[in-house]
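Read off the chains here:
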Amino acid sequence: MEKKPVIQVFALGGTIAMTPGDRSGVTPTLSAAELVRAVPDLVEMAEFRAETLVQKGSANLTCDLISDLCNRAEASDADAVIVTQGTDSMEETSFLASLVYKGDRPLIFTGAMRTPNQPGADGPANLLDAVRAALSAPAGSVSLVMNGEVHDPWCVAKEHTSTLQAFSSEQGPVAVVSEGHVYWRRAARKGHGLKATSLAPVALVGAVLDDDGRMLDMLPSLGYKAVVIEAYGAGHLSELWACKAEKLAAEMPVILASRTRGGRVFEATYGYKGAEIDLIARGLVPAGGLRGRKARLLLSLLLVSDKANWKQTFTAVGKSV
Ligand code: ASP
């Protein structure tokens, strides 16, 4: 008999594992083994090892936990590793994993928008698709699978609170699942292998209309070591914020990201005070195509793993998205 591939499933909680209990509202209770058992088709496809690491809402997940997860995935002798977790933070946890992971088996994140007891629950289908993707993904790649699509963690974002099609990537999915087959449109990105298990404190601050920027003044005294500013449009701030950001950039890394949901930060178009040319001249570093929250994670890791070269690496990575 042909030997089946082995898949390791790590469960971290989230809606995919939530059930109604004594208290009001659903909470994460299902184990990794229960999630696998709920999808009978899986038995035909692979042999499963299932381990529940935590049962939490995903806003509680930490860098420590994701590093530990990556270590476990690297040490596993399974053919692929699947992580089930809440969707709220999955765009960040999968990105973090893709920055630190250096294993040679595919690592896939998935979850659900509906709880198992809701009509049309999507968890089983997502887990099935995650297994299909895991069995065909490139060695060492990290991806996120939701609603029949495989996404690059560097590009994907949760864009909706409730629809099944909550996740999208500006560049489109790297693969789609159709009739049970995974069609890869481009190669999934491999883990980056950055050496860091903790995050330096990096603030994420959004520019908003007619705000006096007092938050920027407070950052050093709050212990932040850097800041990512989600600026207007292609990378624009008010003149007041531009002065405050320049002052900050003299003492810590200040990244210029965009508060919009797509496109790259400009570097050489607008010439007015507070626009990107001025801000870059004042010491701000453009985030390329990285969204603010991903730029924050990358910078946080670089300040721990390779502080001396943070700017060079950050810029090279920003350009790759
Ligand atoms: N609503 C969330 C989910 O999709 C809860 C969480 O992220 O844990 O799973």
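Everything in this summary refers to the structure shown in the same document.

Criteria and thresholds
- Residues numbered from 1 in each chain as written.
- Predicted model: local features only at pLDDT ≥ 70, side-chain atom pairs only at ≥ 80, totals over all residues.
- Heavy atoms only, no water.
- Helix = DSSP H or I, 4+ residues; strand = E, 2+ residues; numbered from the N terminus.
- Rg over C-alpha atoms; globule rule 2.2 N^0.38 Å.
- Buried < 20%, exposed > 50% of the residue type's maximum accessible area, 1.4 Å probe, protein only.
- Areas by Shrake-Rupley, 256 points an atom, 1.4 Å probe, with all protein chains shown as cover.
- Lys, Arg positive; Asp, Glu negative; His and termini not counted.
- Charge placed at Lys NZ, Arg CZ, Asp CG, Glu CD.
- Core = buried A, V, L, I, M, F, W, Y, C linked by side-chain atoms within 4.5 Å.
- Contact = heavy atoms within 4.5 Å.
- Expected span 1.5 Å × (residues − 1).
- Phe/Tyr/Trp six-rings, centres within 6.5 Å; stacked < 30°, edge-to-face > 60°.
- Lys NZ or Arg CZ within 6 Å of the ring centre and 35° of its normal.

## Here's the deal with the overall build of the protein chain
Phase 1 of the analysis: Within the protein chain, the regular secondary structure consists of ten helices and 16 strands.
Phase 2 of the analysis: Here the protein chain has a C-alpha radius of gyration of 21 Å; the compact-globule value for 321 residues is 20 Å, and the two agree.
Phase 3 of the analysis: In terms of overall dimensions, the protein chain has C-alpha extents of about 70 × 45 × 35 Å along its principal axes.
Phase 4 of the analysis: By residue count, 52% of the 321 residues in the protein chain fall in the buried class.
Phase 5 of the analysis: Within the structure as shown, the protein chain displays about 14,200 Å² of accessible surface, and the carbon and sulfur contribution to it stands at 51%.
Phase 6 of the analysis: Between the mean site of the 33 positive side-chain charges and the mean site of the 35 negative ones, the protein chain shows a separation of 3 Å.

## Considerations on the nonpolar core
Phase 1 of the analysis: Counting 53 residues, the largest nonpolar core has Leu107, Ile255, Leu298 and Phe314 as the members making the most contacts within it.
Phase 2 of the analysis: Here the element with the most residues in this core is helix H9 (residues 292–305); it accounts for seven residues.
Phase 3 of the analysis: Filtering out sequence-adjacent residues up to four positions away, Ile255 remains in contact with Val227, Val228, Ile229, Val285, Ala287, Ala295, Leu299, Trp310 and Phe314.
Phase 4 of the analysis: Listed in part, the 29 residues of the second largest apolar core include Val36, Ile82, Leu128 and Ala137.

## Remarks on helix H3 (residues 63–75)
Phase 1 of the analysis: In this model, H3 (13 residues) spans 18 Å end to end at C-alpha, consistent with the 18 Å of a helix rising 1.5 Å per residue.
Phase 2 of the analysis: Along H3, the positions that sit buried rather than exposed are Cys63, Leu65, Ile66, Ser67, Leu69, Cys70 and Ala73.
Phase 3 of the analysis: Tucked inside the fold, the buried residues of H3 contact strand S1 (6–13), strand S4 (47–56), strand S5 (80–84), helix H4 (90–100), strand S6 (107–110) and H9.

## Observations regarding the packing of aromatic side chains
Phase 1 of the analysis: In the structure shown here, the tally under the stated rule is three aromatic pairs.
Phase 2 of the analysis: Taking the centre distance of 6.3 Å and the plane angle of 10 degrees together, the rings of Phe266 and Tyr270 count as stacked.
Phase 3 of the analysis: Overall, the relative accessible area of 35% leaves Phe266 in the partly exposed class.
Phase 4 of the analysis: Residues Tyr270 and Tyr272 carry aromatic rings whose centres are separated by 6.1 Å and whose planes lie at 70 degrees to one another, so their mutual orientation is edge-to-face.
Phase 5 of the analysis: Overall, the relative accessible area of 44% leaves Tyr272 in the partly exposed class.
Phase 6 of the analysis: An aromatic cluster is defined as three or more aromatic residues linked by ring pairs; in this entry it consists of Phe266, Tyr270 and Tyr272.
Phase 7 of the analysis: Across the ring face of Trp154, the terminal group of Arg189 is positioned such that the distance to the ring centre comes to 4.4 Å.

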